[in-house]
Each structure stands twice: as C-alpha cells, then as structure tokens.
Amino acid sequence: MAAKQTQQLVGDITPKLADLTDDVLFGDVWERPGLSKRDRSLVTVTALTALYRTDQLRFHLRTALNNGLSRDELAEMITHLAFYAGWPNAMSAATVLKEIVAESGN
C-alpha cells in the first residue's frame, strides 16, 4: 500500500496498526536496499499464496506487476507453489491473478 493509504482503510479502527504499516512496513522494510522492489514483491506474493492470504494477495499482485514482474512469472510462481504450498492455495492465487490481469489488461 502506498504510504498513508492504510490510514484511509483501517486508521479509524486500528490507528497504530495503520501507522506501523505505513511507517515501518512500507516506509522502512520495503525501502531497504538489500532486495529490489521486484524481488520483494516476488517474496511477498509467494508468502501470501502459501499462507492463503487472498485479501492481501490482490494488492500485492498488482504491486508485483507494477514492480516489474510479468504475468507469466507470477503464473509460474503459482504453479511451482502448488507442489509446496498446496493445490487449493495455488488455485485460489491463480483465480486472483486472473482477476487482476483482466482488470489491468496485462
């Protein structure tokens, strides 16, 4: 999420969580030089797929496409994970990716 976007989503109910998300997660962790944003996106969508976190996966798949991952690379990641994280998780992630691609025209 872009900085301060979290405030709009949940800041009224969990202001500290919104602050930590904006300031620490996206303001610090995502800006560290050790990994590119493209690599961070790949790691993040892999973890979200494996953990079946489809709500956050939607945002992060969009971010991954914006950070330079291709539709084909994301599809391959999902296919690969089917054997490690479970078929249902991969099928759900594939469905989400299909929706994101249709929305964005990628």
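Use the structure listed above.
Residues numbered from 1 in each chain as written. Predicted model: local features only at pLDDT ≥ 70, side-chain atom pairs only at ≥ 80, totals over all residues. Heavy atoms only, no water.

K.L.:
Please explain the overall build of the protein chain as it appears in this structure.
P.N.:
Looking only at helices and strands, the protein chain has six helices and zero strands in total. Walking the protein chain from its N terminus toward its C terminus, one meets helices and strands in the order α-α-α-α-α-α. Taken over the C-alpha trace, the protein chain has a radius of gyration of 14 Å; the compact-globule value for 106 residues is 13 Å, and the two agree within 12%. With the C-alpha coordinates aligned to their principal axes, the bounding extent of the protein chain is approximately 35 × 30 × 30 Å. Relative to its 106 residues, the protein chain shows a buried fraction of 31%. If you take every contact in the protein chain between residues at least 6 apart in sequence, the share linking residues at least 24 apart comes to 53%. Of the roughly 6600 Å² of accessible surface on the protein chain, 58% is carried by carbon and sulfur atoms. One way to put it: in the protein chain the 11 positive side-chain charges average out to a point 1 Å from where the 13 negative ones average out. (Helix = DSSP H or I, 4+ residues; strand = E, 2+ residues; numbered from the N terminus. Rg over C-alpha atoms; globule rule 2.2 N^0.38 Å. Buried < 20%, exposed > 50% of the residue type's maximum accessible area, 1.4 Å probe, protein only. Contact = heavy atoms within 4.5 Å. Areas by Shrake-Rupley, 256 points an atom, 1.4 Å probe, with all protein chains shown as cover. Lys, Arg positive; Asp, Glu negative; His and termini not counted. Charge placed at Lys NZ, Arg CZ, Asp CG, Glu CD.)

K.L.:
I tried to follow the nonpolar core on my own but got confused; where do I start?
P.N.:
Across soluble globular proteins, nonpolar side chains have a tendency to be buried as a group. Ranked by internal contacts, the top residues of the largest apolar core, which has 18 residues, are V45, L57, L61, L74, M77, I78 and L97. For this core, the secondary-structure elements that each account for two or more residues are α3 (37-50), α4 (54-66), α5 (71-85) and α6 (87-104). Non-local contacts of V45, meaning those with residues more than four positions away in its chain, are made with L57, H60, L61, A64, L74 and M77. (Core = buried A, V, L, I, M, F, W, Y, C linked by side-chain atoms within 4.5 Å.)

K.L.:
Got a minute to help me understand α6 in this structure?
P.N.:
Since the α-helix turns once every 3.6 residues, residues separated by three or four places project in the same direction. Spanning 18 residues, α6 covers 25 Å between terminal C-alpha atoms, matching the ideal 26 Å at 1.5 Å per step. For α6, the set of buried residues is N89, A90, A93, V96, L97, I100 and V101. All buried residues of α6 project into a common sector of 135 degrees when viewed along the axis, lining one side. What points out from α6, more than 90 degrees from its buried face, is the exposed set P88, K98, A102 and E103. (Expected span 1.5 Å × (residues − 1). Arc of directions from axis to C-beta.)

K.L.:
What is the right way to look at α4 in this model?
P.N.:
In this model, α4 (13 residues) spans 18 Å end to end at C-alpha, consistent with the 18 Å of a helix rising 1.5 Å per residue. Among the structural elements, α2 (15-26), α3, α5 and α6 are those in contact with the buried residues of α4. Within two residues after α4, G68 carries a phi angle of roughly 105 degrees, on the positive side.

K.L.:
Looking at this structure, how should I read the packing of α3 against α5?
P.N.:
A packed helix pair is summarised by two numbers, namely the angle formed by the two axes and the spacing between the axes. Running from amino to carboxyl end, α3 crosses α5 at an angle of 40 degrees, the nearest separation of the two axes being 10 Å. Between α3 and α5, the crossing angle belongs to the class labelled oblique. Crossing angle aside, the handedness with which α3 passes α5 is right-handed. Contact with α3, carried on its side by R38, L42, V45, T46, T49 and A50, involves E73, L74, M77, L81 and A85 of α5 and no other residues of that element. A breakdown of the residues in the contact of α3 with α5 according to their chemical character gives seven nonpolar, two polar and two charged. (Axes fitted to C-alpha atoms, helices over the stretch in contact; angles between N-to-C directions. Parallel < 35°, antiparallel > 145°, perpendicular 65-115°, else oblique. Left-handed = near helix turned anticlockwise from the far one by under 90°. Nonpolar A, V, L, I, M, F, W, Y, C, P; charged D, E, K, R; others polar.)

K.L.:
Help me out: how do you make sense of the environment of T46 in this one?
P.N.:
Relative to the elements of secondary structure, T46 occurs in helix α3. Sequence separation between T46 and S70 is 24 residues, and the spatial gap between their C-alpha atoms is 14 Å. Look past the residues within four positions of T46 in its chain and what remains in contact with it is M77 and L81.

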